[in-house]
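# Chain and residue survey
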Amino acid sequence: MENGRKDSFTLAILVNNKSGVLMRVVALFSRRRYNIDSLSVSETENPDISRITIVVHGDRNITEQIILQVEKLVDVRKVYEMTMDGSIQRELVLIKLNADETTRTHIVEIGELFKAKVVDVTPSTITMQITGSLEKLDSFLELVRPYGIVELVRTGMTALERGSRPLSETTFGDEG
Amino acid sequence: MKITGADIIVECLVEQGVDTVFGYPGGQVIPLYDALYRNRGRIRHILTAHEQGASHAADGYSRSTGKVGVCIATSGPGATNLTTGIATAYMDSIPMVAITGNVPISLLGKDSFQEVDIAGITLSITKHNYIVKRIEDLASIIREAFYIARSGRPGPVLIDVPKNVQEASYEFENVPLKEVAPKVSRLREKDIEAAVQLIKSSKKPMCYVGGGVIRADAADVLNEFLDRIDSPAGSSLMGLGAVPVSSERFTGMIGMHGTRVSNMAINNCDLLIVIGARFSDRVISKGSTFARQARIIQIDVDPAEFNKNINTEIHVVGDVEVVLGRLLKLLPEKISHGEWMTSIKERKARFPMQVAPHAKRAKEILEALDEVLPDDSYVTTEVGQHQMWTAQYLKKIRPRRFLTSGGLGTMGFGTGAAIGAQVSHPDARVVNIAGDGSFRMNSNELATIARYKLPIVIIVMNNHALGMVRQWQDLFYEHRYSETTLDTPLDWVMLAHAYGVEGMDLGPEDDPEEVLKRAFDLKKPVVVNALIPSDDKVFPMVAPGASISDMIGFVDLNPLVD
Ligand SMILES: Cc1ncc(C[n+]2csc(CCOP(=O)(O)OP(=O)(O)O)c2C)c(N)n1
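Residues numbered from 1 in each chain as written. Chains lettered and ligands numbered in written order. Predicted model: local features only at pLDDT ≥ 70, side-chain atom pairs only at ≥ 80, totals over all residues. Heavy atoms only, no water.

Moving on, we come to the site of the ligand. All names here are of chain B. Contacts to the ligand come from 17 residues, most closely from Gln385, Gly409, Gly437, Ser438 and Gly467. With respect to the ligand, the backbone of Gly409 contributes an N or O atom lying 2.8 Å from a nitrogen atom. Within the backbone of Met411, a nitrogen or oxygen atom sits 3.4 Å from a nitrogen atom of the ligand. Only α16 (385–393), α18 (436–442) and α20 (467–476) provide two or more residues apiece to the shell around the ligand. Sorting elements by how many residues they give to the shell around the ligand places α18 first, with four residues. Residues belonging to the shell around the ligand are distributed by class as follows: seven nonpolar, nine polar and one charged. (Near = heavy atom within 4 Å. Polar contact = N/O pair within 3.5 Å; in protein donor to acceptor, adjacent residues only side chain to side chain. Helix = DSSP H or I, 4+ residues; strand = E, 2+ residues; numbered from the N terminus. Nonpolar A, V, L, I, M, F, W, Y, C, P; charged D, E, K, R; others polar.)

This next bit is on the side chain of Thr20 of chain B. Residues and elements named next belong to chain B. Relative to the assigned elements, Thr20 resides in strand β2 (residues 20–23). When its relative accessible area of 6% is taken as the criterion, Thr20 is described as buried. A distance of 3.0 Å separates a polar atom in the side chain of Thr20 from a polar atom in the side chain of Asp19. Dropping the residues within four chain positions of it, Thr20 is found in contact with Arg44, Ile46, Tyr61 and Val423. (Buried < 20%, exposed > 50% of the residue type's maximum accessible area, 1.4 Å probe, protein only. Contact = heavy atoms within 4.5 Å.)

With that settled, consider the interface of chain A and chain B. Listed as interface residues are 17 residues of chain A and, on the opposing side, 19 residues of chain B. In this assembly, chain A packs against chain B so that about 1500 Å² is buried in total across both faces, 46% of it on carbon and sulfur atoms. When residues of chain A are sorted by the area they lose upon contact with chain B, Arg24, Gln65 and Val74 of chain A head the list and together hold 32% of the total. Seen at the junction of chain A and chain B, the total is two salt bridges. The shortest N-O distance in the salt bridge between Asp302 of chain B and Lys72 of chain A comes to 2.5 Å. Linking chain A with chain B are seven residue pairs in polar contact (both at pLDDT 80 or more), by the criterion used here. It is helix α2 (residues 60–72) of chain A that contributes the most residues to the side of chain A that touches chain B, six residues altogether. (Buried area = accessible area lost by both parts, 1.4 Å probe. Salt bridge = Lys/Arg side-chain N within 4 Å of Asp/Glu carboxyl O.)

A word on the confidence of the model for chain A. Within chain A, residue pLDDT values average 91, and 93% of them lie at 70 or more. Here residues 172–176 of chain A is a poorly scored stretch, pLDDT under 50, and it has six contacts once near neighbours within four places are set aside; other chains count. (pLDDT = per-residue confidence, 0-100.)

What follows is about helix α17 (residues 413–424) of chain B. Counting along an α-helix, one turn takes 3.6 residues, and residues three or four places apart therefore face a common direction. All names here are of chain B. Its 12 residues place the ends of α17 17 Å apart at the C-alpha level, agreeing with the 16 Å of an ideal helix rising 1.5 Å per residue. Of all 12 residues in α17, 12 are buried; the element is thus mostly enclosed. When we look at burial in α17, the residues that qualify are Phe413, Gly414, Thr415, Gly416, Ala417, Ala418, Ile419, Gly420, Ala421, Gln422, Val423 and Ser424. (Expected span 1.5 Å × (residues − 1).)

Let us look at the sheet that holds strand β2 (residues 35–43) of chain A. All names here are of chain A. On the basis of which strands lie adjacent, the open sheet formed by four strands has the order β2-β3-β1-β4 and antiparallel pairing. The sheet terminates laterally at β2 and β4 (76–82), the two strands that pair on one side only. The sheet shows a mean angle of 20 degrees between the axes of neighbouring strands, taken without regard to direction. Bridge count for strand β1 (residues 8–16) against β4 is six bridges, and the pairing is antiparallel. Directly across from Val15, in β4, lies its bridge partner Val76. Here helix α1 (residues 21–31) sits on the sheet and contacts β1, β2, β3 (49–57) and β4; the angle it forms with β3, its principal contact strand, is near 20 degrees. In this fold α2 packs onto β1, β3 and β4, with an angle of close to 160 degrees to the strand it touches most, β4. (Pairing = 2+ DSSP bridges. Axes fitted to C-alpha atoms, helices over the stretch in contact; angles between N-to-C directions.)

What follows deals with the domain arrangement of chain A. Residue and element names in this part refer to chain A. Domain annotation of chain A identifies domain 1 (8–85) and domain 2 (88–158). Placing a centre on the C-alpha atoms of domain 1 and another on those of domain 2 gives a separation of 28 Å. Taken residue by residue, the interface counts nine residues in domain 1 and six residues in domain 2. Both faces combined, the contact of domain 1 with domain 2 buries some 580 Å², and carbon together with sulfur accounts for 48% of it. Connecting domain 1 to domain 2 are four residue pairs in polar contact (both at pLDDT 80 or more). (Domains from an automatic or database assignment.)

Let's shift gears to the packing of aromatic side chains. Residues and elements named next belong to chain B. Applying the stated criterion across every chain yields a total of nine aromatic pairs over all chains. Summarising the aromatic geometry, the rings of Phe351 and Phe554 are spaced 5.7 Å apart at their centres and angled 80 degrees between planes, so their arrangement reads as edge-to-face. Taken as a pair, Phe351 in the loop between α14 (338–350) and α15 (360–372) and Phe554 in the segment after β22 (551–552) lie far apart in primary sequence, 203 residues in all. Residue Phe554 is classed as partly exposed on the basis of its relative accessible area, which comes to 28%. Feature note: the residues Tyr208, Phe279 and Phe290 constitute an aromatic cluster, connected by ring pairs. The ring of Tyr37 has Arg40 lying over it, and the distance from NZ or CZ to the ring centre is 4.2 Å. (Phe/Tyr/Trp six-rings, centres within 6.5 Å; stacked < 30°, edge-to-face > 60°. Lys NZ or Arg CZ within 6 Å of the ring centre and 35° of its normal.)

This is the structure in structure tokens:
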């Protein structure tokens, strides 16, 4: 339970920013039957490097296996497990909910509790944007679900280490 | 100097020390073949009958020399025909570089004639692969590919070169070869020390030796280590030869068709030292009962092998030869396990593999082969019963001289591998021990053997059946021989003659030693059709899903004890 959900872990993977690299990582996960809960990928401060954030579930043993297998890919520079305490983990959710005059204010109030932003309103729906950790998003979604979710989209978790050192400068293999 | 992409490929191959390549031409590699033609004095090209044969030949070249094997094919069907050989090499960690041509870049992705996405297809059976999109990158990609193939845990790398890249011109300059040092970057002193402590406190150590020892050329240091810590050793199929079959320490194979002695030692030892082995399901069978009582040290160059199939306690990451050398340094004094070694020797006498009523004829033939075969010969096998019998009974099994497809179990491997071994060792004897089913798969390579006059001896252990499958049908499917009888009359001697190869029969009444001696004395390619019964078995055996302690079909000379 490293990122707030049971049996789920967040990995940050620094890869060469080349075509086909994401495919190699994903193909490895599918071939070895590792489960991906969410995945996000983008360029980093260094245009030669992309960063893939993957949330996986499985026991500790599987997570270690995943790290070791992913490290073997030639285009992978570094794999790092992002812990709850040691990292900031965020995901963006866009959600369209059923909302009429009677329910709209309730929904907005719930949203305020979670610092969600209203981004669109129609006579019958309200669309909100919320960012946060898995835990926060899970509890928000639980509270608004009864109003009726029309559509929901999530970007996938992304994460950054706390502290001053960038991931690309941490060495691995010396953790214990 | 500006040269074409095709010439850059050839120059890079020469730079990497490649003297021989195996392949088959086609539309999208004509420029490369033109460069090979112009450079035929520098690199020898062996034309096989089929690209699969080329891939296995490159594999056999690599297994027998330790160098990177190279195979070449055209796009589309040429490339897909390589895949079985690439997968075979991948599963057994064989360094190989496969070069394929492809349609010009402007036609890529348009379902052009003979276009396949070979990089996509081979994604999961290569260590890495490339599509060369720019001539500027070609040389550095080839150099990197060779480095990747050889470094760490070796494996195959594929380079797909579109035709227009072969035709384009670019500056080329030789660069010094990048040395591949034994991998020790993640070797930690404290793991070595922990291993030493466990070894010192062990009363009944056992070693499980795998193909990693062969790949690392670590057999000598391994045997020194076994003597130092006074331990018996069993091996996987891939590890055979690392410990001499004649050694009193050697208990035979472990696992499904292992020996009773090996399997008992695994489940009786107090310390299991796993050296360059990966706990294949063919070895461990029912994992939850494998060496449960023992503490386990695992030494491997690939840390992803730790805790994959079996959880192990001490993990030592690094080149096996280096690690064993370090252990020897830290264990300067000989350790003695007299009682344990005596009990191993007693068990070897009590459960002898040499008594084999279930495979009498095959064993006789293999024993005759042992008599006839020079010590420095190369033995390849196909896949099936004959392969297991060879592993169980042949004594002349030595590192890099016993070539068999372990991980993928590829029927048709042996003939190609024999070509690779013979081409790279023209003066040595090479024998392929085949089954009739397997030999049918790639017997077209007799054309290659004849073309290059390779004096390979192919012994077809002819049981008129897909014996290994038939054995399972006998034991677990109530003798329903679904599609495993090969009773179409086939005159093997005539088939050999058709290719201009010698053929001989080794009938049930013939003296195998006499026939084999004649075959080897010809010093020519020859197919020996060795008839054996259809219903012989590979025993002992662990039934699927059973513990390796529960073997069937072993011989016990002293059943009243225990
Ligand atoms: C390419 C391929 N196809 C199918 C199999 C499955 N298979 C494993 S052993 C075997 C029988 C091999 O028969 P043969 O070569 O005659 O050897 P024998 O077992 O009779 O010694 C088969 C079909 C395989 N290993 N490889």
